[in-house]
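In case you want the letters, here they are:
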Amino acid sequence: MPQPQPLDAVPVPSPEKWEGSVRKGVKPVPSCCADQLVAFALLLCALCFLGLDAQCPEPNTLKDAEGKKICARMFEDSNYYYEQSCGGQYIDAYPGDDVPIIPWSWNNRISSLVVNKLCSLTVWSRIKKNGSKRKFSSGIVYRLKDVQQGLFGSWENDISAYYCVC
Ligand SMILES: [Ca+2]
């Protein structure tokens, strides 16, 4: 066993050396992990900011990257903190979009949505406009989980067709 050394005298070893010392049964000196801890904390922070970034847009600000008006924007994720809803990827519906069969990758995936001012979004729970139907007028739906469908169901991950009009 090596003699204990003052913390500031211990060089910061590379990860390989650190693993090596573990294999030899030497108790790791806390200061050796500082770099990894900082990196880990930064990563966590980045992740938490990504989460916080998610925020439902105001209905009257819905535009695509080219400034074209969007009828409704539908998001992959929602959150029980409303200010963190509308996360993940999204799919845009333009005024007049009539989509009886949602793209496969979006089927039963939408968890929150925003409908533009003076627009309305009608959705169905099955493709080809089958199953349950629901019309959303302008506004923010933070959690489709909170929107009842039938007696016990909700609209969480259940949209398979839509029609948007302004
Ligand atoms: Ca979802």
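All figures in this text were calculated on a predicted structure; none of them were measured in a lab. (Residues numbered from 1 in each chain as written. Predicted model: local features only at pLDDT ≥ 70, side-chain atom pairs only at ≥ 80, totals over all residues.)

Caption draft 1: The arrangement of the environment of F136 in detail. With respect to the helices, strands and loops of the structure, F136 is situated in strand β5 (residues 130-141). Residue class for F136 comes out buried when judged on the 22 C-beta atoms lying within 10 Å of it. Sequence-wise, F136 and A72 are 64 residues apart; in three dimensions their C-alpha atoms are separated by 9.7 Å. Setting aside anything within four residues of it in sequence, one finds F136 in contact with L113, V115, S120, L121 and V141. (Helix = DSSP H or I, 4+ residues; strand = E, 2+ residues; numbered from the N terminus. Buried ≥ 20, exposed ≤ 12 C-beta atoms within 10 Å, placed from the backbone. Contact = placed C-beta atoms within 7 Å.)

Caption draft 2: Quick look at the nonpolar core. Among the nonpolar cores identified, the biggest contains 28 residues, and A72, A93, L113, L121, Y162 and C164 are the most heavily contacted of them. For this core, the secondary-structure elements that each account for two or more residues are β1 (72-75), β4 (112-126), β5 and β8 (161-165). If you tally residues by element for this core, the top one is β4, at seven residues. Setting aside anything within four residues of it in sequence, one finds A93 in contact with I70, C71, A72, M74, L121, Y162 and C164. (Core = buried A, V, L, I, M, F, W, Y, C linked by C-beta atoms within 7 Å.)

Caption draft 3: Seen up close, the pairing of β1. The alternating pattern of β1 places A72 and M74 and R73 and F75 on opposite faces, both of which are buried. Note that β1 and strand β2 (residues 90-93) share four bridges and pair antiparallel. The residue of β2 that forms the bridge with A72 is A93. (Pairing = 2+ DSSP bridges.)

Caption draft 4: Region of interest: the pairing of β5. As paired strands, β4 and β5 are joined by nine bridges and run antiparallel to one another. When the sheet's bridge partners are listed, V123 is paired in β5 with R134. In textbook terms, the turn of a hairpin is the stretch between consecutive antiparallel strands, and for β4 and β5 this stretch comprises three residues, one of which, K128, has a positive phi near 60°.

Caption draft 5: Highlighting the environment of K145. Mapped onto the fold, K145 is located in the loop between β5 and β6 (148-149). C-alpha separation for the pair K145 and S111, spaced 34 residues apart in sequence, amounts to 7.1 Å. Residue contacts for K145: discarding those within four places in its chain leaves S78, S154 and E156.

Caption draft 6: Quick look at unusual backbone geometry. Positive phi, normally seen in glycine, also occurs at K128, with a value near 60°. With respect to the helices and strands, the residue K128 is situated in the loop between β4 and β5. A tally of 10 C-beta atoms within 10 Å means that K128 is categorised as exposed. Backbone geometry places K129, a non-glycine residue, at a positive phi of 60°. Residue position: K129 is located in the loop between β4 and β5.

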